[in-house]
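# Chain and residue survey
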Amino acid sequence: MGPTRTPSLVIASLVCSCYAGVSGTGADGSTGAATSGVDTTGVDTAGDSTGEPADCSSTQSPGAPVPMRRLTALQVQRSVADILGVTMPLEVDDEKLFTFKSNVSSAVDFAGARGYLDFAEATVLAADRSMCAEPSVACTTWLFDDVGRRLFRRPLSSGERAGYEELFAAGAAEDGGGPEGARWVLEAMLQSPSFLYMDEVARADGYLDDHSIASRLALTLWGANPDAALLDRAAAGELSTPEQVQAEAARLLADPRSVGGLTDFVDQWLRLERLNDPDARPDLEALGAETLAAMRAEPVQLLSLVLAQQGDITTLFTSSETATSPLLAPLYGADLVEAGETTMLDPSHRAGLLTLPGVMAALSHAEGTSPTLRGFNVLANVLCTPPPPPPPGVSVTLPEIGPDATTRERLEAHFSDPSCAGCHAPMDGMGFTFESLDWLGRYREAEHGKPIDDASTFPLDGVDVSVEGPVELAAVLADSGTAPTCIARQWTSYAAGTPDKEATACLIEQLAADAREPDGLRALILGLVASDWYRMAPEIAP
């Protein structure tokens with residue numbers, strides 16, 4: 001039986017006086033952190049990234065209203081690993097402005113400053129400083145023209161260079177010669193605002209200069225600083241036109257380092273960090289670190305696979321093909337039809353990104369599924385139509401209706417009150433369709449001896465849609481007019497570091513249309529980075 005559509009009968013405006021939480025000891029009866037509202041969902045219900053997209057009324061667009069941003073901890077770690085060859089943890093908290101991390105407040109407290117100091121000292125201690133075994137031209141060239149330029153994402157100014165040369169001399173004279181001088185300089189660079197903050201510069205015509213474009217491109221697509229080749233193109237003025245930016249972005253996407261940028265997007269978009277959160281999923285540690293890493297990596301690998309195969313957004317939602325990982329074979333069980341360079345999955349049980357074990361496990365609780373959490377994330381992050389936040393003080397405990405009751409039966413008992421159904425009908429309606437995939441993303445046919453009921457009806461694009469199971473849900477999402485627009489909004493917000501604004505309406509409309517074409521996912525990304533929104537300086541800071 002395929003999906004069906006009927007005119008919507010759901011009155012979505014019912015007051016949400018009842019709310020089955022999306023995490024914690026929630027209304028779906030599972031354990032974990034207490035549900036308190038918006039923060040537990042990771043979605044900014046007060047921001048511009050929620051609700052209906054703005055109408056496209058003008059193609060004029062100012063630049064993304066991005067204030068000076070501090071790099072995320074992962075961006076710092078990846079950049080340093082690439083430049084100095086040292087992988088070191090950085091214990092500094094990131095801000096979460098909406099769905100994605102974005103350190104726009106720029107503030108660093110004492111604990112943060114201490115974290116950067118510890119990181120700098122440990123990194124430099126482990127770094128190879130043999131180039132400066134003796135003070136020499138080769139040493140200063142490496143220190144300032146290679147490492148310094150890549151850390152600051154631009155050449156050092158004459159004043160900066162003079163200051164670091166004095167620091168090098170002082171360190172060398174103090175103790176240890178050249179290696180000690182290099183240590184002083186590198187520790188200072190790793191704590192410099194010029195490294196830790198995106199200090200973007202605009203030209204007279206309002207567009208960012210080439211080094212600022214190079215920084216945005218690399219931090220968006222790699223989640224790390226530009227390499228020497230990208231900085232060389234910036235220095236040569238070869239990032240000034242949309243075509244030049246697109247060509248360089250295509251190179252970055254083809255580079256293995258693009259895993260960093262894709263991971264930053266997918267991880268936060270699908271809330272995969274919950275897989276490594278002992279408060280959210282205390283039961284997952286028993287799977288082992290390698291299996292957990294494989295579960296978290298697979299959604300990114302699938303996105304990379306679709307990009308490599310020149311797929312569109314439909315492919316991302318409906319493909320039965322995924323990356324091959326022996327660690328995930330026990331979770332797939334009989335769903336693993338054929339494994340080779342890639343893996344083919346049972347198309348009657350699995351379809352695309354949302355049915356991967358890592359995604360399903362991230363959107364579950366300890367040893368229990370969460371139709372509420374799963375449905376909420378589809379509404380919020382795939383359709384950009386999140387339910388309103390729960391009112392304070394509501395009960396999130398599911399009623400006990402018998403030891404053999406299924407998760408669905410307990411949820412349906414909880415929101416039998418019509419005032420609850422206003423929020424839960426679309427949210428849990430989406431979530432019920434995933435019930436054939438358990439809290440580890442394994443296929444199942446029964447719960448407590450009762451057959452799984454994954455049939456559901458929910459509103460989508462203004463009509464009530466009836467589907468059975470996650471495969472039919474994936475099909476209607478892929479066919480939806482809302483999902484491509486939402487994903488274009490998510491990419492725009494991720495790349496800009498702020499929720500999408502009204503000025504991006506026409507851009508998003510075009511990107512959503514591009515995403516449906518052959519090679520649509522690549523077209524979406526390349527279209528975004530070539531846009532005025534991406535390449536221009538802020539008009540008004542938020």
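So, a few notes on the structure that sits alongside this text. Every residue gets a number counted from 1 within its own chain, in the order that chain's sequence is written. Only residues with pLDDT of 70 or above have their local features reported here, since the model is predicted, and side-chain atom pairs are shown and tallied only from 80 upward, although totals for entire chains, interfaces and linings are computed over all residues. Computation of side-chain values: all heavy atoms of the structure, hydrogens and water removed.

## Considerations on the overall build of the chain
- On a plain count of helices and strands, the chain comes out with 23 helices and 10 strands.
- Only protein chains enter the calculation, and the probe is 1.4 Å; a residue is then buried if its accessible area is under 20% of its type maximum, exposed if over 50%, and partly exposed in between. When the 542 residues of the chain are sorted by exposure, 55% land in the buried category.
- In the chain, the share of contacts with a sequence separation of at least 24, taken over all contacts with a separation of at least 6, comes to 71%.
- Total accessible area on the chain stands at roughly 21200 Å², and carbon and sulfur atoms take up 55% of it. A helix here means a DSSP run of H or I that spans at least four residues, while a strand means a run of E at least two residues long, and both kinds are numbered starting from the N terminus. Contacts are assigned to residue pairs that have any heavy atoms within 4.5 Å of one another. Surface exposure here means Shrake-Rupley accessible area, sampled with a 1.4 Å probe, where a residue is shielded only by the protein chains that are shown.

## Digging into the pattern of salt bridges
- A pairing counts as a salt bridge when a side-chain nitrogen of Lys or Arg comes within 4 Å of a carboxyl oxygen of Asp or Glu. According to the stated counting rule, one finds 32 salt bridges in the structure shown.
- Between Arg233 and Glu248 there is a salt bridge; the shortest N-O distance is 3.1 Å. Placement of Arg233 in helix 9 (residues 228-235) and of Glu248 in helix 10 (residues 242-254) is noted, with a sequence separation of 15 residues between them.
- Given a relative accessible area of 4%, Glu248 falls into the buried group.
- Where Arg251 meets Glu248, a salt bridge forms, and the shortest distance between an N and an O atom there is 2.7 Å. Pair noted here: Arg251 and Glu248 are both in helix 10, with a separation of three residues, about one helical turn.
- According to the relative accessible area criterion, Arg251 is partly exposed, its value standing at 25%.

## With respect to the packing of aromatic side chains
- The criterion for an aromatic pair is that two Phe, Tyr or Trp rings (for Trp, the six-membered ring) have centres within 6.5 Å, with stacked assigned to planes under 30 degrees apart, edge-to-face to planes over 60 apart and tilted to the rest. All chains considered together, the criterion is met by seven aromatic pairs.
- Ring pairs connect the aromatic residues Phe100, Phe265, Trp269, Trp491 and Tyr494, which therefore count as one cluster.
- Throughout this description, the term charge over a ring refers to an Arg CZ or Lys NZ atom that lies within 6 Å of the ring centre and within 35 degrees of the ring normal. The ring of Phe432 has Arg408 sitting right over it, with the charged end atom 4.3 Å from the ring centre.
- Over the face of the ring belonging to Trp439 we find Arg442, whose NZ or CZ atom lies 5.6 Å from the ring centre.

## Brief notes about the environment of Glu95
- Its place among the elements puts Glu95 in the loop between helix 2 (73-84) and helix 3 (110-126).
- Between the C-alpha atom of Glu95 and that of Ser105, which follows or precedes it by 10 residues, the distance is 8.2 Å.
- At a separation of 3.3 Å, a polar atom in the side chain of Glu95 contacts the main-chain amide nitrogen of Val104. Any pair of nitrogen or oxygen atoms within 3.5 Å is treated as a polar contact; in protein, a donor-acceptor pairing is required on top of that, and neighbouring residues in sequence qualify only through side-chain atoms on both sides.

## Some words on unusual backbone geometry
- Positive phi values are uncommon outside glycine, yet Glu367 reaches one of about 55°.
- Relative to the assigned elements, Glu367 resides in the loop between strand 5 (364-365) and strand 6 (368-369).

## Here's the deal with helix 21 (residues 505-515)
- Buried residues of helix 21: Ala505, Cys506, Leu507, Ile508, Leu511, Ala512 and Ala515, and no others.
- Buried residues along helix 21 sit in contact with helix 13 (313-318), helix 20 (482-496), helix 22 (520-529) and helix 23 (532-535).

## A word on helix 17 (residues 407-414)
- Of the positions making up helix 17, those classed as buried are Thr407, Arg408, Arg410, Leu411 and His414. All buried residues of helix 17 project into a common sector of 165° when viewed along the axis, lining one side. The directions considered for the arc are those from the helix axis to the C-beta atoms.

## Considering the sheet that holds strand 4 (residues 342-345)
- When DSSP finds two or more bridges between a pair of strands, those strands are recorded as paired. As summarised here, the arrangement of the three strands in space is 2-4-3, forming an open sheet in which the pairing is antiparallel. Single-partner strands in this sheet number two, and they are strand 2 (321-323) and strand 3 (336-339). Adjacent strand axes in the sheet meet at a mean angle of 30°, parallel and antiparallel pairs treated alike.
- Here three bridges tie strand 3 to strand 4, and the two strands are oriented antiparallel to one another. Paired with Leu336 across the strands is Leu345, a residue of strand 4.
- Every axis in this analysis is a line fitted to C-alpha atoms, fitted for helices over the stretch in contact. Angles between the N-to-C directions lie between 0 and 180 degrees. In this fold helix 12 (residues 289-308) packs onto strand 2 and strand 4, with an angle of close to 120° to the strand it touches most, strand 2.

## Thoughts on the nonpolar core
- We define the nonpolar core as a collection of buried residues of types Ala, Val, Leu, Ile, Met, Phe, Trp, Tyr and Cys that are connected through side-chain atoms lying within 4.5 Å of one another. Ranked by internal contacts, the top residues of the largest apolar core, which has 90 residues, are Leu217, Leu354 and Trp491.
- Counting residues per element, this core draws most heavily on helix 12, which supplies nine residues.
- In contact with Leu354, not counting residues within four places along its chain, are Leu270, Phe317, Val359, Met360, Val378, Val382, Phe434 and Leu477.

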